[in-house]
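Analysis of the macromolecular model
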Amino acid sequence: MLFELNEEKKLIRDTAREFAQETLSKYAKQIDREERIPQEVIKKLAELGFWGITVPEEFGGAGLDAFSLILVLEEISRVCASTSVTMSVHNSLVCNALVKYGTAEQKKKYLPKLAGGEIIGAYALTEPDSGSDAASLITKAVKKGNQYILNGTKIFITSAPIAGVSIVFVRTNPDKSLRGKGISAFLVEPSFKGFKLGVKEEKMGVKGAIAGEIVLEDCAVPAENLLGEENKGFNLAMELLNSGRIGIAAQSVGIAQACLDAAMKYSQERKQFGKALSEFQAIQWKIADMATEINAARLSTYHAALLKDKKLPHIKEACMAKLFASAVCNKAAKESVQIHGGMGYTKDFAVERFFRDAKVTEIYEGTSEIQRIVINKELFGKNWISSRQ
Ligand SMILES: Cc1cc2nc3c(=O)[nH]c(=O)nc-3n(C[C@H](O)[C@H](O)[C@H](O)COP(=O)(O)OP(=O)(O)OC[C@H]3O[C@@H](n4cnc5c(N)ncnc54)[C@H](O)[C@@H]3O)c2cc1C
């Protein structure tokens, strides 16, 4: 398969690249230090249509495909992984959910605000006792009249402290043995009675992608905010993660590329033993290996996105792309810091941030171990979603 970008795709990639390199680069260090994305950056991303890349134009989105989304995420990730993961969750997990499963009213109410960057979306699945085993979650909802009353705690939720709407997965059938079959998804706003924010996570990397707890104490959610069918929310959660994982693969490729770019630049500038580092074969080999692996990770990521756009099965390919690209990313970050020597260990060089940002690509939206489990089940013809229920 040949991945020659057509003119439209080149324009999308170049627009994202220009914004990332010319504008976002001026904020990246500040975003990491202050652990927040400034409102002016959110506004600039909105002007480019990057908060609603795959949202249909009738709802204020750019109406583009999954491949366009990952081209943008890759370019943003080359400069600021905090911004790219905030965008990835918002676009892949929240906007996509509404486009596919939202009622006409839900789409009308939330999509224009999400696509315009007026509100940021969050996806709340993880709980204190339910991470990789997401089907064991215990946050519950009980229907009372025309409302559902939600009780429980969600942790590690990207953008929770700033989100205007969160998709919250809860148990609507109290029989825990039903696992995924008793789970539903709700659109929850911070203004709803009983919605509270818990602790903000103190993280190693992607520090500007603020993440925290959502505490639901008799939180009253209107019945019309049920997203999709009752008790079918787990399928929705897993399907969204298939898209999300391609986004995280793209993020991994972007961070890895930034590490390679930095290593190439530094190795030509720094001289030891009377020569530029780039003249030592040990360094040349590291750089050649990084470039080779990034190329393979990028192709794997593009492949998964293209399968998704063609509406072909892509669960296995999305997991393979995330598994491989996140490993490539972590290796590239490690090698790039090594090539920078002591300087790579200081905040004077962006590779220090890339190294911290890289690690989480192997953890969120399913750890590398979970990607391997899904790939294995898919290879043996066992549907991952139904096997987890
Ligand atoms: C920065 C950040 C942002 C996040 N954002 C979100 C978000 O927006 N929304 C959300 O819902 N969640 C979010 N998460 C949560 C994330 O998805 C979970 O951390 C992840 O799924 C792993 O769950 P856990 O941390 O509970 O680890 P655990 O499930 O406790 O796993 C611990 C270790 O055991 C391994 N393990 C577990 N089960 C198996 C098995 N069967 N076989 C082999 N190994 C296994 C894991 O791979 C891991 O290495 C975020 C996490 C982080 C760090």
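Scoring rules and cut-offs
- Residues numbered from 1 in each chain as written.
- Predicted model: local features only at pLDDT ≥ 70, side-chain atom pairs only at ≥ 80, totals over all residues.
- Heavy atoms only, no water.
- Domains from an automatic or database assignment.
- Contact = heavy atoms within 4.5 Å.
- Buried area = accessible area lost by both parts, 1.4 Å probe.
- Salt bridge = Lys/Arg side-chain N within 4 Å of Asp/Glu carboxyl O.
- Polar contact = N/O pair within 3.5 Å; in protein donor to acceptor, adjacent residues only side chain to side chain.
- Helix = DSSP H or I, 4+ residues; strand = E, 2+ residues; numbered from the N terminus.
- Near = heavy atom within 4 Å.
- Areas by Shrake-Rupley, 256 points an atom, 1.4 Å probe, with all protein chains shown as cover.
- Nonpolar A, V, L, I, M, F, W, Y, C, P; charged D, E, K, R; others polar.
- Core = buried A, V, L, I, M, F, W, Y, C linked by side-chain atoms within 4.5 Å.
- Buried < 20%, exposed > 50% of the residue type's maximum accessible area, 1.4 Å probe, protein only.

A separate point is the domain arrangement of the protein chain. Its domain assignment divides the protein chain into domain 1 (7-120), domain 2 (122-231) and domain 3 (234-388). Taking only C-alpha atoms, the centre of domain 1 and the centre of domain 2 are 23 Å apart. Counting residues at the interface gives 22 residues for domain 1, matched by 23 residues for domain 2. A buried area of about 1800 Å², summed over both sides, lies between domain 1 and domain 2, and 62% of it is on carbon and sulfur atoms. Taken as a group, Glu35, Tyr110 and Ile120 account for 34% of the area that domain 1 buries against domain 2, more than any other trio of residues on that side. At the junction of domain 1 and domain 2, the tally comes to three salt bridges. With a shortest N-O distance of 3.0 Å, lysine 200 and glutamate 35 are connected by a salt bridge. Connecting domain 1 to domain 2 are ten residue pairs in polar contact (both at pLDDT 80 or more). Going through the elements one at a time, α2 (28-34), α5 (81-101) and α6 (104-115) are the ones with two or more residues in the side of domain 1 that touches domain 2. With ten residues, the top contributor of residues to the side of domain 1 that touches domain 2 is α5.

The local shell around the ligand holds 17 residues, among which Tyr123, Thr126, Ser132, Thr367 and Glu369 are the closest. Note that a nitrogen atom of the ligand is positioned 2.7 Å from one of the side-chain N or O atoms of threonine 126. One of the side-chain N or O atoms of serine 132 is found 2.6 Å from an oxygen atom in the ligand. Relative to its free-state accessible area of 970 Å², the ligand is covered by the protein chains to the extent of 63%. Counting residues per element, the shell around the ligand draws most heavily on strand β3 (residues 147-158), which supplies three residues. Partitioned by chemical class, the residues of the shell around the ligand number nine nonpolar, five polar and three charged. If you count residues domain by domain, the shell around the ligand takes at least three from each of domain 2 (122-231) and domain 3 (234-388).

What follows concerns the nonpolar core. Residues Ile76, Tyr123, Leu125 and Phe169 are the most contacted members of the largest nonpolar core, which totals 100 residues. By residue number, the principal contributor to this core is helix α7 (residues 233-269), which donates 19 residues. Apart from the residues lying within four places of it in its own chain, the contact partners of leucine 125 are Ala134, Leu137, Lys154, Ile157, Phe169, Ala237, Met238 and Leu241. Listed in part, the 19 residues of the second largest apolar core include Ala160, Val168, Phe186 and Phe195.

Further remarks concern the environment of serine 300. As for its placement among the helices and strands, serine 300 is situated in helix α8 (residues 281-309). Sequence separation of serine 300 and asparagine 91 is 209 residues, and the distance between their C-alpha atoms is 20 Å. Discounting residues that sit within four places of it in the chain, serine 300 has contacts with Met320 and Ala321.

The next subject is the environment of serine 132. Mapping serine 132 onto the fold places it in the loop between β1 (121-124) and β2 (140-144). As a C-alpha pair, serine 132 and glycine 366 span 234 residues in sequence and 6.6 Å in three-dimensional space.

For the coordinates displayed, the defined rule picks out 25 salt bridges. A salt bridge links arginine 356 to aspartate 32, with the shortest nitrogen-to-oxygen separation between them at 2.8 Å. Of this pair, arginine 356 sits in helix α10 (residues 351-359) while aspartate 32 sits in helix α2, placing them 324 residues apart in sequence. With relative accessibility at 13%, the residue arginine 356 sits in the buried group. Here lysine 347 ties to glutamate 352 by a salt bridge, and the two come within 3.0 Å at their closest N and O atoms. Several salt bridges share partner residues, and in doing so they unite Arg17, Glu75, Arg78 and Asp261 into one network.

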